[in-house]
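# Overview (structure and organization)
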Amino acid sequence: MVTTTTSDGVQTTDEELPTRHRPVRIRWYRPPEPVGTFVWIHGGAFCQGTLDGPESRAVARGLAGHGLEVIALTPPMVPTVSMPLAGTRLPLPGVRHPVPVESALDALAEIGRRRPGYTGASAGACLAAAAAARLTDPRFGPTAHAPSRLVLAYGTFHSALPDPSPALRDRLRGRYRLWQYRPFMVDLMNRNYLGRDALPDDPTALPGGLLAAPLPPTLFVDADRDRIRSSAEAFAEELRTLGTEVEQLVVPLTSHGFLARPKDPAYRRTLVRFAHWLGIDERA
């Protein structure tokens, strides 16, 4: 365990927590007077990213500046996705589902915090939603430790990327159409995460279209020019149908992964929105 303190009094502690599979690294950001607890899981296609990357460290540090106690974690990563997987049908070796989501749940249980908010970006948003599904769906047992709220940033939640709405398709014209995550790329990422072709009928894997119970109040934060937004839009509608309180924010003139770019003007505005969603007054 290594602890440091920044000039504004935020205490940062690195820990390694045991889980049923393998230890999970977390970084705990504690402001002097915390007003809530927030779990943050970075993105990276289930196979990339670290606690030192900007989508983890900068976001967590920024949220701590708003008075939130932030628990940033990196679940076990699956092997890097590769094009040869497109023709592979055998089970794939290495870390695959359900290791990342089960490890995250075990780490949170080890922390022992009561009902924090769960948040994540991209693949991390999928893991946050899947963990919440595991803790709220009566098919999986008691639900006493469900998260208080969810914030899902530019997440992908379905085994196949849904068709874009006309409004989204209009935002992907010209050069914005070229630099997109195509449906075949998302399919490749998902099958790499699962390690097989067959999709489990299990909302703790890819929860889109598989939930049977509402999730806690959920804020979707999506990029304006992002093909993956079609999954978030479909998932938000599914949650509404189940009775979940849902809010949606599309951040203008942004693309996928903008929270990994702290100099982007949208970055700070989005962190403020995170804080407001949790009922926290804006802080400098």
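Everything that follows concerns the structure shown earlier in this document.
Here the structure is a predicted model, which is why all the values come from computation and not from measurement. (Residues numbered from 1 in each chain as written. Predicted model: local features only at pLDDT ≥ 70, side-chain atom pairs only at ≥ 80, totals over all residues. Heavy atoms only, no water.)

Right, let's get into the overall build of the protein. Across its full length, the protein holds eight helices and nine strands. Per-residue burial over the protein gives 53% buried out of 284 residues. Element-wise, carbon and sulfur atoms account for 54% of the exposed surface of the protein, whose accessible area totals about 12,700 Å². (Helix = DSSP H or I, 4+ residues; strand = E, 2+ residues; numbered from the N terminus. Buried < 20%, exposed > 50% of the residue type's maximum accessible area, 1.4 Å probe, protein only. Areas by Shrake-Rupley, 256 points an atom, 1.4 Å probe, with all protein chains shown as cover.)

On to a nonpolar patch on the surface. Together, Y181, F184 and M185 make up an exposed nonpolar region whose accessible area comes to about 300 Å². Secondary-structure assignment places M185 in helix 6 (residues 183-194). Relative accessible area serves as the criterion here: at 34%, M185 is assigned to the partly exposed category. (Patch = residues over 30% accessible without salt bridge, like charges linked within 9 Å, V, L, I, M, F, W, Y side chains within 5 Å. Salt bridge = Lys/Arg side-chain N within 4 Å of Asp/Glu carboxyl O.)

Quick look at the environment of G120 now. With respect to the helices and strands, G120 occurs in strand 6 (residues 117-121). Along the chain, G120 and G43 lie 77 residues apart, while their C-alpha atoms are 7.1 Å from each other.

Judged by nonpolar contacts, the single largest core of 51 residues is most densely connected at L152, F220 and F235. Elements supplying a minimum of two residues to this core: strand 3 (24-30), strand 4 (37-41), strand 5 (69-74), helix 2 (99-111), helix 3 (123-136), strand 7 (150-153), helix 6 and helix 7 (229-242). In terms of residue count, the dominant contributor to this core is helix 3 (eleven residues). Not counting chain neighbours up to four residues away, the residues in contact with L152 comprise G120, A125, A128, A129, F157, T218, L219, F220, V221 and F235. Among the nonpolar cores identified, the runner-up in size contains 28 residues, and A64, A153, F258 and Y267 belong to it. (Core = buried A, V, L, I, M, F, W, Y, C linked by side-chain atoms within 4.5 Å. Contact = heavy atoms within 4.5 Å.)

Considering the arrangement of structural elements, one finds R225 in strand 8 (residues 218-225). Despite its burial, R225 pairs with no opposite charge; the closest candidate is D224, at 4.1 Å N-O. Side-chain polar atoms of R225 contact the backbone oxygen of R171, separated by 3.0 Å. (Lys, Arg positive; Asp, Glu negative; His and termini not counted. Polar contact = N/O pair within 3.5 Å; in protein donor to acceptor, adjacent residues only side chain to side chain.)

What follows deals with helix 7. Three- or four-residue spacings in an α-helix give side chains the same orientation, since the helix completes a turn every 3.6 residues. The end-to-end C-alpha distance of helix 7, which contains 14 residues, comes to 20 Å, matching closely the 20 Å that a straight helix rising 1.5 Å per residue would cover. When we look at burial in helix 7, the residues that qualify are R229, S230, S231, A232, F235, A236 and L239. Where helix 7 is buried, its residues meet helix 3, strand 7, helix 4 (166-171), strand 8 and strand 9 (246-255). Following helix 7 by one or two positions, G243 has its phi on the positive side, about 100°. (Expected span 1.5 Å × (residues − 1).)

Turning next to unusual backbone geometry. The residue after H97, namely P98, is reached through a cis peptide bond having omega 10°. Mapped onto the elements of the fold, P98 is located in the loop between strand 5 and helix 2. One non-glycine residue, A45, lies in the positive phi region at around 60°. Secondary-structure assignment places A45 in the loop between strand 4 and helix 1 (54-64). The backbone of Y154 shows a phi angle near 35°, a positive value even though the residue is not glycine. Among the structural elements, Y154 can be located in the loop between strand 7 and helix 4. The exposure class of Y154 is buried, given its relative accessible area of 1%.

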